[in-house]
Every structure is written in C-alpha cells, then in structure tokens.
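For reference, the chains in residue letters:
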Amino acid sequence: MGYFTGFKVTLRQMWKPRVTVKYPEQKRPKPVRFHGRHVLNRYEDGMEKCIGCELCAGVCPARCIHVRGRDNPPDAPVSPGERYGFVYEINYLRCIHCDLCVEACPTEAITESKLFEFSFTSRQDAIYTRAELLVSEDGAPQQLPWEDWRPGDDHDTSAWMRATSPSGSAAEEGIVHWSGERGYGVRAPEQGQAPAAVPAGSRLVGRGALTEPAPSTPAAVAAGLEPDGDGGSSGPLTPEDGALQ
Amino acid sequence: MSEDQPPQTAPIVHTAETDAEALVAETSEGTQELQPRTLTESAELLRERGAVLRLPDGGVLDSADIDVEITDDETMIINMGPQHPSTHGVLRIMMELDGETVLRSKPIIGYLHTGMEKTGEELTYVQGGTNVTRMDYLAPLFNELVFALATEALLEVEVPERATWIRMLLTELNRVSSHLLWMATNGMDLGAVSMMIYGFREREMVLDFFEKTTGLRMNHNFIRPGGVAADLPDGWQEDVNEILHVIPGRLDEYDDLLTGQPIFRERTQGVGVLTAEEAVALGATGPILRSTGVAWDLRRDMPYMFYDQLEFDVVVGSYGDAFDRYAIRLNEIRESLRIIAQIVERMPEGDYRIQDKKVTPPPRRRIDESMEALIHHFKIFTEGFKVPEGEVYVGVETPRGEIGCYLVSDGSPKPYRLHIRDASFVNLQSLPIMMRGGLVADAVAVISSVDPVMGGVDR
Amino acid sequence: MSTAGPTDSVASPPAPRAGETLPTADPSAHAMTAAEATGYGVPVSFSRGQPVLHVDQAGYEEVIARLRDDGFNGVVDLTAVDYLAHPGRELPAGVRAERFELVVNLVSYSRRQRVRVRVQLPEHDAVLPSLFYVYPGTEAMEREAYDMMGIVFTGHPDLSRILMPEDWEGHPLRKDYAVGRVPVQFKQSPGTR
Amino acid sequence: MFLASAGDPLFVDGINFAVALAVIIKVVLAFAFLLVSVLMMIWFERKIISDMQNRVGPDRAGPWGILQSLADGTKLFFKEDLLPDRADKRIFRLAPYLSAVPAFLSFAIVPIGGTITFGHYTTELQVADPPIGILFLLAMSAVAVYGVMLAGWSSGSKYPLLGSVRASAQMVSYEAALGLAVAAVVLYTGDLSTRAIVTGQEGLLRHILPSWNVFRLGFVPFFVFLIASTAELNRPPFDLVEAEQELVGGFHTEYSSIRFALFFLAEFMNTITMSAIVVTLFLGGPDGPGFHFLRWLWPILWFLGKTLVLLFVQVWLRGTLPRLRYDQLMDLGWKVLIPGSLVWLLILGGMLISFKWGLIVLGISVLFGAALIRARSLGAQRVGEVGS
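Residues numbered from 1 in each chain as written. Chains lettered and ligands numbered in written order. Predicted model: local features only at pLDDT ≥ 70, side-chain atom pairs only at ≥ 80, totals over all residues. Heavy atoms only, no water.

**Q** Looking at this structure, how should I read the overall build of chain C?
**A** Looking only at helices and strands, chain C features 3 helices and 7 strands. Mapped from its N terminus to its C terminus, chain C presents α and β elements in the order α-β-β-α-β-β-β-β-α-β. Residues counted as buried form 58% of the 193 residues belonging to chain C. Long-range pairs, those at least 24 residues apart, make up 54% of the contacts in chain C between residues at least 6 apart in sequence. (Helix = DSSP H or I, 4+ residues; strand = E, 2+ residues; numbered from the N terminus. Buried < 20%, exposed > 50% of the residue type's maximum accessible area, 1.4 Å probe, protein only. Contact = heavy atoms within 4.5 Å.)

What follows is the structure, encoded as structure tokens:
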C-alpha cells in the first residue's frame, strides 16, 4: 500500500526532535577547525606576532589582504623581530576563508577564529584594519559593533593552523609546532594518528627570543589534548586556556 | 485568441505571418535563444528537436520519426528561468508549448559564467584549489580531486596512501551529500515538500563532518596537489560510523515516502526517456547514462585511486526515465555508504601529503630550525611550485557524471590552460530530447532528473 | 536494477609499459597503446603516458570518423588551447606548431580506453568542420570553444555564443585577451592592485 | 425570502427589528470567526508541516508564533500593489473578490451547532438555512472558479495563463464529482437544506455506529467528496493551478499586496469551509454526545473538533504527497471519481427502493466494470503491440 506508508513517515516525524535551531538565540556549536574571521595574534608577552612579511597577501587567491611592514621602533618594539606589520587590512567582501594565509604565515600571526556573524552595513566596515583584527591585550578578539558573538565563541582561534602545520607528515603530528598566544599559552596539538606518541620534553618549540619554551610534562600535554576526542559529540568548545601554562 | 482582441502579449502567440524578427529583438541574447520556426534553419530545428542523432552504433534517426511537428500557429514560446523555482539555479530554458505539451526546448546557459578557467590561469597550483572547488558547488571535493590528480599527473608524483584513502573517503561522502541534496530537490520539484527537508536533514550530517574536517561546509580547498590539507580530525571514525548508521534507515524512509508512492511513480515513470544510443551520442555520463542501461562508471571501468580494491556495485537502470535516475541515485547512496564502510576499515596510517619539499611546505617548526625550510616555505606560498611542461587529461566520476580536467603546463607555477569538462554542462544537452512531447510538469521532472549544477555548467 | 557490465564485450585494459612506475592516478592506464595509436597514420606522442594523435586540419574529420568506427563512440571533451604565450611546446616531428590547438578527448566504452586528438590551427584560419554529425554531444562543447577561443566550426547547426552574452566582443580565453582586474578597496591605500 | 426558511425558528414571528439585529449579529460573528480561524489555520498548517519536517516553524510573532499570519497579513497590506502593464485592469482587480466573497458566502449555510435562545427568540447557530442550501453551496464553489480563472487570464502573462487554463479544466471536472457525491447525500436525506441533512444524521446505526452519512452511504461518496473538494480547493496534491515548482504560483503570479492576500485568504477560507461542509454532509455536523452542563456548547465543540481533524488531514496530505500531473488529475477525475460516484449513486438508489434492486444494480455495475477493465487492458496491449 504505497499510498499510506508515506503518511506514516511524516506522522512519525512529529514526535522527533527538531533538527533546526532557533538561530539567533540558539547557535550550533562550531567545529574546532571552523574558518571564521581572522585575528592577529600576540605572543604571550604581548608583542605582536606579525612581522609584515606579506606572505599572506601573496598567497591570497582573492587578493583581499593588504600588508605593509615597517621597521620596529628601537625604543618601543611592536614585534620581537626586525619589522612589524604596520598596515594590515582584510577586505571581507572578497575574503573566501580558504585559510591559505593562515598556512602561509611563518609566525602564526594571522589565524582564523570561529567568528563569522558580522553584518556590516557599509563597505568601509567590511575592511578590517590592523587595529580591529589585532587581539586585545588579554588575547581575546575584539568585538566590533556589528559583530554578533558571545563569550566562548572567541576561543580556539588557531585550530586550522594547528591542523595543517605538520604538513602531511605523520611523524610531525601531535607535536607542538607553534608559539604560545597571549591569554592561551601554547595550544595543544590535535591528537592525530598516534595519540600516545607524544614523548616528553624538548619537542615543544617556543618561538622567538623573547618567548620561553613552555614547560611541558606528558601529563600536561595529555590534559591539553583536544576535548572532542569522542568525536561524535559536538558539544560546546572548551577553551584550552592555559592548559600548558 | 480571437481576431478582434489585440494579443495580450505580442511575443507569446506568433504566427507564420508575424514578423518573427521583431519578436526576438526584444531581448539581448540574440540567437542564443530559441528562435521562431520561421527564422530557424532546418538544421537547428532538428537539433532543437534532438532529431539529428547520427548514432555511432546504430542507424540515423530520421526526422520523420518524430511526430511532434505541429505547424499549428497556436503555440507559445515560454521562458523557464533563469529565475524559476525549479531550474536549479540560473538555468534558462525556452520552450515552445502547444497547450502544455513541450514541442521544442532549448537550454540557455551562461548566467553564472564567471570565467573560472581564465581565473585558473592566473592562480598558482597552490591557490588553484580555491578556484576549481567553486565550479560544481555541490560536489566541491570532486573538483579539487580532479585538479589535484591532473596536477600530480603532470608532476609525475605519487601521493601517500593515506592521502588517497582520505580523498576517497571525502569524495564518497560528498557523493552521498550531493545525491541527498538531489533527493531533496527532486522531491520538492514534484511537490513532495517534506522530502525537501528530509534530504537536507541527512545531508547536514555529512556537511557537519566536512565542517569538522576541512573547516568549511563547501568550497573546501582541502584536496590539493600533493595530498590533503590536513589529517582527519580526531574522532573521525565515530562521526563516519554515525553517518553509516543513520543514513540507511533514512533511505528506507525515502522508499516509504516516495519510491513506493503511486503518485510519485506516475510522475516519474516513463518521463524523460532517453535511449542508450542517444545518451552515448550526446556524451551524457553519470546517472543519466547509467539509467539507460549502459553500465559505465569510471570508478569501476577506469579505476583511479584505490577503487579497484573496493567492492561495490554499479547501479544501472533499464528504462532511461526519471524514475530510473531517481532509483540509481538512491541506490548509489547505499553503494557509497558501502564503500565508505570499507574505507574506514582500511584507512592506513602514515603521511597524508607528499613529502616533497618543492610541493609541500615544510612542517611549521622546521621553519625555525632550518633556513632551507624557510626558503621553501616562502617559495611555495609566494610563487608556488613549478610544474613540468606538458598536458594531461584526467577524469573522475562525480555524482553527476565524468568531470575532467585538461591541464596544460608551460613549466611555470601557474597552469597555462585549465579546462574543466563538467558533467552537467554536457548532460544539459540531453534536455531537449528528454523534454520533447512531455508536459510542463514533466519538464520540471526532467530538469530535476538531470541534476544540473549551474556553477559547474557555466564555470 | 541490476549490475551488469557494459553492453559490449570488454577488452582488457592495456598493461603498463615496462620500467614505468604507476602513480596512483596513472593517467596512462586505460589509454590506447602505442601500437594501436600509430595505426592511424598520424604523428603520435605520449604525454605522461597518454596517447595523443596529432591530426592536421584536413585529416581531422576523417581520423575522428575512423576512431569512432574503431569503437571510440564517446566524445568526452572538446576544447581549445591558445598557445600564443607558449609557442615552443614539444610536438612530434612533422607537426608544425600553430597558435591554436583543438583538443578532443575520446573514450571507448567497450574497450575502456581513452585517446586524445590534437589539431593545430593557425590564427588566420582557425576553422574546422563540426563534429556534430559524428558526435551530437559536441554541440555545446564546440559552441564553448567558439565562444571562448574563436574557433569556427563549419556545419555546426547553431554556432552562437554559449556562455558569454551575444553582444560580447572578443574571445575571453585567448591569451591576448586581458584579464580583468577589479581594484580591491583598502582603507590605507585605496585602489591598490 | 431567501434567508428566511422554514427551518430557522427565528423567523416564525415574521421579521422585526430584533430579528434583523440577530441576523446581523450572526453575520458579523460568523465573519469574524471565519477570519480568525483563517489566521489560525495558516498558523496551524505551518506548524504541523514544520513538525512533520523536524523544523521549528514560525515562532517569532506571539507565543509559538501564533500571530505569524497576522504579521504576514499586515505586511502584505502595506506592500506595493503592482498592476501588470498588459493586464486587463478591471478584471484583474475584480478577480480576488470573486475568489474571496464566495468563500465567505459558502460558510453561511454551515450549521455549527444546535439552537440558542435569547429572550423569546430562538435561533439556529447558522447564518442562514435556506431550503436549497446544498445548491447554494455548489453555486458558490462554481463562482469561485471564475476568480481563479479570470485572475490568471487577466494577468496578461504566460504562467498565470497556464494556471488559469488548468484551473478551468480542473475545477469544472471536479465540480461534477463533487455534485454526484452530494447527490448521494441528498438522495438519502431527501432534503436540500443543510440543517435537515444534519438532523437526519442523528441517532445510531445498528446501535454501534453513529448514523452519519459517511457510514450510511458506504464511504464512497465521502471519499469522492473529500478528494474532489481537495481538488476544488487547489490544495496539494491537486494544487496544479498554482504549482509553485512548475508555474511559479500560477494564477496569482502577478498579484501582490492586498490582492494577493485576498487570494491567500480565500484559499484558506475555502479549506475551512469545505472541511466544515464535509463535516455537515458526512460526519453528522454538530452531532455527538452531549452533557448536562452548557448544553448549547457541546454541539459546537463537536463540530469544531471534527473540522479540526479534517483540517489536519488536509495538512497531512500536503506534507506527504507529491503533486499530480495535469493529465493524471484529469484521469482521476473523469475515469475514477465520476464513474465511481455515478455507479454508487445508482446502487444507492436501488437500495432505497429495496434491497433486491440494490443487489441487481450492484451486479450489473460489477459486470460492466469487469468488462471495462478487460477492455482497457486489451487496449493497452494493443497499443503496446503497435508501439513496438
């Protein structure tokens, strides 16, 4: 009776949970590797990571990044290196969030956050400048007037960089390849293929003369591993604040 | 329309005496449009009616065999699209109707043309993935895959095994998501509104996995020349297993809702019939070709990656109608799930990008340690990697048929010529033949059963 | 629904040539062998293992027809390349490089083989007979080649632009056709790039 | 006197001011009730459909989105009113009213309860109880066709034109089936007044079932009426006239603003009215067990409950079935519904004379039916042979 089986199907759904959410109030949890808007990171000592090398601008297929470097003022250096990103702008009307800039950045200065709800009303607002992209003194992204996000959405800003930094080498997985971030310390790597294979000591690499390599013990590394190891659940993201500090 | 009343809309009704030229002068598409019969040369008329089919394996179809020649002047030329709810994007079809019967039709495309092939010549192989992935936006991973395979063929490199298995996993999942979306829109086109949501609901599971893996729901730029961008996320097995667990039950629900539904069968059976000879002659591939009984699936017939090591069936129809294409897609989801289960079992460990300094940037911590690594890193991200001179064609089986990438390199880091043979682009040619003689409602079912993705058609 | 092989008998795919490593996506697998390819009496080259028949304008139709009679009943792709900026490409002896090249990819469903045909087309005479009557499926592809490259196909039933608007001037994929640039707006240096 | 009938006790003393006032009050109340229930119906439909599709559905305006239709209506009211250049302007303006007014009028004959008494006046809970109520209903639904048809035709556009062609064919075909199903009821009841039809259904059938027409007449007229009325209403799966996926809205493609809202209103009002009429004709109207307190309320509740169930069925149909094709719809109408209800009418007529006659007619129909089916399959074979 093909006529009636369909009615059963539709009727059965009435008692099933909804798959849609009441969007602005309720939000789907975003996965760790989500590509959102960019942030410009700081080292743990507050120095900016960007050195104005323009690699991100060079690799951008949409040509939406504009960077100009400048020599650090000797008395009040902005970044630990020789130069710093003096102009840094991203035109979000063009950005396609492919994250090639994040992969290209040699100092992990630019990473993508989980923030994507920005509904600007003018072209000028769509162009984020360095002042807007840069994380605040405590390491959190700045909330601009036209952005809609809540506390917690701003965590885990560098997951794509962490996912891609082993460059496809299984041996490099589970090793920290990046420097610490202001407010978050050194972020733990993804588990990868060999979760237990993170040996202790010396393999954590700090960045820059001013940054001390973060102390690490196997226990600390294990504790800082990705919270969603169980995979199926996509519960709210747990920030790994200071997991390794 | 009676004589004393002026025609309501001049272009609708035209007679042989009407100045046909004036009728087409109103729009800008010129001869791309369906021409009134008085203007059209006989050859093009035949083409529109799909009559000129000099079949490689059979006889020549004679125009006399086709019985829809109606010289009655009570016909109406009607535009379906580019803004129409069931043309799946900006496809525009001009149809000549006699009552509701479609006499001739002509698909007009190009409304989404953004010159991606030209853009592809401007981007390096590193950036290229972001461009090609936007072509067939419902199967983005296939676009990336074919581009990556073509580039690798030119480079003459072999990617690590895990990379290939990840590619297979993701593309099969993508096939599932694409077919699910098709199930949804097909249901919608036939008026089964709930199917729309159900299809999207299941597709969402796959997209959630993609989001977790690539960070994006579509346009991933994940499969790249040399491997895949990142390893599978932690806990991917659970996610995939859940998909494998949930979707089959939902497919059975679709069976209850549509497959066995007499109205649905009436609407699709015998609609948009294509014979095997016609399908081959028109270059149709994918479910359209298979629905006519030609068992042609590149995964089995010209295996690429590791498909020759997997067990799966090629689903074939026998009548070449819309219902066959529906059944093929439904069962291809099941076959894909079967493949995915095998992939999960066999997923090897190891590298997932080729460890070639020229192609893959170094692991990040090596940048600090080695000057050489830093230089490679800079070179790859600024000028890309150079690909030896040559040209190559690679084809893979997408949910819609064969997508091919014809890549010419002049030795520079950018493709000299990037041509994508998109399945929908070629498949669209079979529309006029399938629509001929059907009703307007059938035309909708036919468009839906072709499953054109205009992003791929127009590129 | 049944799973069945192709309707025709299936020849086994050609074995890989000796001394060759087969990458995962071996482009030379399922290709015509050298012996078969030379049987058409036209210069043959192998590009990454894929056989390419180099046909001249005059012999184009005939070779395609012979290929079709030999079982290559499917035309997968038909496209054109403008070699204006890359004239010094490798070609087998006896083939004179011209500006345009028409590339036709054929497939044989029964033999599970692919073969490619390349035709050199001089700039001043980029004209070829249409394959429409051999493979009706080339209709849209030829229109695309005409639209994008300006190759003219005689005998085509409806050689009009397919992707670009009717009143468009020029053929966008030609190398002397400039790439458009939209200046990207930035705050601190407006109108750069 | 059209409105006055022997049925309504309000008019027994002739018409004076109080009677006129009572009539006006009833009209206004019915109008308001219908409008509110249309708003509720739209919300109800959207909510049920969204439940069936695992969605949240409208939930912004008011609690659970209950004011959504009001918000939509207000929005539509303030939208720009477009008049196509090539439209036949007068008819284009007229059509929505042709659609909406009969929808109101049909509801007038539906008895929604028993009688109530105020002062020394007693009246039926029904706007009007004309002795020819059923004919009035058929007439009104026939007029409503013109609204849809003229709307499509006068738009001067191709898709609406196709829609109006479909409308005229579809509605005319199903009008016949509808009439035949009603004829069965009338034949059995022996009265054209809706009130009489309702009262005729009181009591029990063989002490088990309520003596409703759906049981008494043997289901066939009920289902024919249900299907035909769904088609008449242009509701899925018979919504070919607007067929969003094919005709982009069909007859109302070119309509906007308040005129579009009127069509929308008419459609949902017709849905409610038709469900109410199905309840009246086949499900005993306000009939049902009552209790001692609030005697006048129970019939109304029964009536509303039955109507709600039917409305749910309508929504359920919409949520489940794909749309029929034009020719399949015609096939269903002319080849199944009309012959079926015609034969059933004959059998019923026979049964009314005597059981023996009923059996004779049944036997003849079975024979004819078998012959017809055989002939059809032979014909199909023949076509197949010629075709191959």
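**Q** Even after reading the chapter, I still don't get the environment of V32 of chain A, so can you show me in this structure?
**A** Within the secondary structure, V32 of chain A sits in the loop between α1 (2-13) and β1 (38-40). Sequence separation between V32 of chain A and S113 of chain A is 81 residues; the distance between their C-alpha atoms is 9.4 Å.

**Q** Is there a simple way to think about the interface of chain D and chain A in this case?
**A** By a widespread convention, an interface's size corresponds to the accessible area lost as its parts come together. Each side of the interface is counted separately: chain D has 14 residues, and chain A has 15 residues. Between chain D and chain A, roughly 1300 Å² of surface is buried when both sides are summed, and carbon and sulfur atoms account for 63% of that area. Our enumeration of links across chain D and chain A arrives at 3 salt bridges. One can count 10 residue pairs in polar contact (both at pLDDT 80 or more) joining chain D with chain A. For the side of chain D that touches chain A, the secondary structure elements donating two or more residues are α1 (17-52) and α11 (297-320) of chain D. (Buried area = accessible area lost by both parts, 1.4 Å probe. Salt bridge = Lys/Arg side-chain N within 4 Å of Asp/Glu carboxyl O. Polar contact = N/O pair within 3.5 Å; in protein donor to acceptor, adjacent residues only side chain to side chain.)

**Q** I tried to follow the sheet that holds strand β3 (residues 74-82) of chain C on my own but got confused; where do I start?
**A** Note on sheets: strands pair through backbone hydrogen bonds, and any given pair is parallel or antiparallel. Residues and elements named next belong to chain C. Spatially, the 5 strands line up as an open sheet ordered β1-β2-β5-β4-β3, and their pairing is mixed. The strands lining the two open edges of the sheet, one partner per strand, are β1 (44-47) and β3. If you compare each strand with its neighbour and ignore which way they point, the axes differ by 25° on average. Contacting β2 (50-55), β3, β4 (100-108) and β5 (113-121), helix α2 (residues 60-69) crosses the sheet at an angle of about 15° to β4. In this fold helix α3 (residues 139-149) packs onto β3 and β4, with an angle of close to 5° to the strand it touches most, β3. (Pairing = 2+ DSSP bridges. Axes fitted to C-alpha atoms, helices over the stretch in contact; angles between N-to-C directions.)

**Q** Where do I start with the packing of aromatic side chains in this structure?
**A** What the rule picks out here adds up to 35 aromatic pairs over all chains. On the numbers, 5.4 Å between centres and 80° between planes, the contact of F7 of chain A with W316 of chain D is edge-to-face. Here F7 of chain A, found in helix α1, pairs with W316 of chain D, found in helix α11, and the two come from separate chains. Ring centres of Y307 of chain B and F312 of chain B lie 6.1 Å apart, and the angle between their planes is 75°; on these two criteria the pair is classed as edge-to-face. Residue classification places Y307 of chain B among the buried positions, given a relative accessible area of 2%. Judged by relative accessible area, F312 of chain B falls into the buried class, the value being 12%. Here a set of aromatic residues connected by ring pairs shows up, and it is made of Y92, F118, F120, Y128 and W146 of chain A. Geometry around Y307 of chain B places R299 of chain B over its ring, the cationic atom sitting 6.0 Å from the centre. The ring of Y416 of chain B has K175 of chain C lying over it, and the distance from NZ or CZ to the ring centre is 4.1 Å. (Phe/Tyr/Trp six-rings, centres within 6.5 Å; stacked < 30°, edge-to-face > 60°. Lys NZ or Arg CZ within 6 Å of the ring centre and 35° of its normal.)

**Q** Can you help me understand the sheet that holds strand β1 (residues 76-80) of chain B in this one?
**A** All names here are of chain B. Pairing is antiparallel across the open sheet formed by 3 strands, whose spatial order is β1-β2-β3. Because the sheet does not close on itself, it has two edges, and the strands there are β1 and β3 (101-108). Each strand axis lies, on average, 25° off the axis of its neighbour in the sheet, ignoring direction. Where strand β2 (residues 92-98) meets β3, 7 bridges bridge the pair, whose relative direction is antiparallel. Across the sheet, residue R92 finds its bridge partner in β3, namely I108.

**Q** I'm lost on the packing of helix α4 (residues 125-132) of chain B against helix α5 (residues 140-155) of chain B in this one. Help?
**A** Angle between the axes and distance between the axes: these two values describe a pair of packed helices. Residue and element names in this part refer to chain B. Contact pair α4 / α5: the axes reach a minimum separation of 8 Å and the direction vectors enclose 155°. Relative to α5, α4 is oriented roughly antiparallel. The handedness of the crossing between α4 and α5 is right-handed. Of α5, the residues touching α4 (which contributes Y125, G128, G129 and V132) are N143, E144, F147, T151 and L154. The residue makeup of the contact of α4 with α5, split by class, is 4 nonpolar, 4 polar and 1 charged. (Parallel < 35°, antiparallel > 145°, perpendicular 65-115°, else oblique. Left-handed = near helix turned anticlockwise from the far one by under 90°. Nonpolar A, V, L, I, M, F, W, Y, C, P; charged D, E, K, R; others polar.)

**Q** How do you make sense of helix α10 (residues 257-282) of chain D when you look at a structure like this?
**A** One full turn of an α-helix is made of 3.6 residues, so residues set three or four places apart face in the same direction. Residue and element names in this part refer to chain D. Helix length check: α10, at 26 residues, gives a terminal C-alpha distance of 37 Å against a target of 38 Å (1.5 Å per residue), a fit within 8%. For α10, a buried count of 22 out of 26 residues is recorded, marking the element as mostly surrounded by other parts of the structure. G284 lies just past α10 and shows a positive phi near 75°. (Expected span 1.5 Å × (residues − 1).)

**Q** Can you help me understand unusual backbone geometry in this one?
**A** When glycine is set aside, most residues are seen to have a negative phi, and most peptide bonds are trans. All names here are of chain D. Looking along the chain, the bond that leaves P236 and enters P237 is cis, with omega of 0°. Mapping P237 onto the fold places it in the loop between α8 (220-232) and α9 (244-247). Non-glycine residue W64 carries a positive phi angle of around 50°. Structurally, W64 can be placed in the loop between α1 and α2 (68-77). Using a relative accessible area of 65% as the deciding quantity, one classes W64 as exposed. The backbone of N234 shows a phi angle near 60°, a positive value even though the residue is not glycine. Along the polypeptide, N234 turns up in the loop between α8 and α9.

**Q** Any chance you could explain the interface of chain C and chain B here in plain terms?
**A** Contacts between chain C and chain B engage 75 residues on the former and 77 residues on the latter. Each partner contributes to the roughly 6100 Å² buried at the junction of chain C and chain B, and carbon and sulfur atoms together form 55% of this total. Of the charged contacts, one joins E391 of chain B and R118 of chain C as a salt bridge, the two residues approaching to 2.9 Å between their closest N and O atoms. If you look at where chain C meets chain B, you find 30 residue pairs in polar contact (both at pLDDT 80 or more). Within the residue set of the side of chain C that touches chain B, elements represented by two or more residues are β2, β3, β4, β5 and α3 of chain C. If you tally residues by element for the side of chain C that touches chain B, the top one is β3 of chain C, at 8 residues. Grouping the amino acids of the side of chain C that touches chain B by side-chain chemistry returns 38 nonpolar, 18 polar and 19 charged.

**Q** I would appreciate a short explanation of α4 of chain B in the present structure.
**A** Within α4 of chain B, 8 of the 8 residues are buried, which leaves it mostly tucked inside the rest of the structure. Every buried residue of α4 of chain B is listed here: Y125, V126, Q127, G128, G129, T130, N131 and V132 of chain B.

**Q** What is the right way to look at the layout of surface pockets in this model?
**A** Think of a ball as big as a water molecule: rolled over the atoms, this probe shows where empty space is left. Taken as a whole, the largest pocket encloses approximately 1500 Å³ of empty space. Along its surface, the largest pocket is lined by 44 residues, and Y3 of chain A together with I227, L332, V336 and L337 of chain D are the ones closest to its centre. Of all the secondary-structure elements, those providing two or more residues to the lining of the largest pocket are α1 of chain A, α9 (262-268) of chain B together with α8, α11, α12 (326-353) and α13 (355-387) of chain D. Examining the composition of the lining of the largest pocket, we find that 12 residues originate from one element, α12 of chain D, more than from any other. Per-class residue counts for the lining of the largest pocket are 33 nonpolar, 6 polar and 5 charged. Composition of the lining of the largest pocket by domain shows at least three residues from each of domain 1 (9-353) and domain 2 (355-388) of chain D. Of all the secondary-structure elements, those providing two or more residues to the lining of the second largest pocket are α7 (193-214) of chain B together with α1, α2, α9 and α10 of chain D. (1 Å grid on protein atoms, 1.4 Å probe; cavity = no way out; pocket = protein on both sides within 12 Å on 5 of 7 lines; lining within 4 Å. Points joined across faces, edges and corners; volume = space filled by probe spheres on them. Domains from an automatic or database assignment.)

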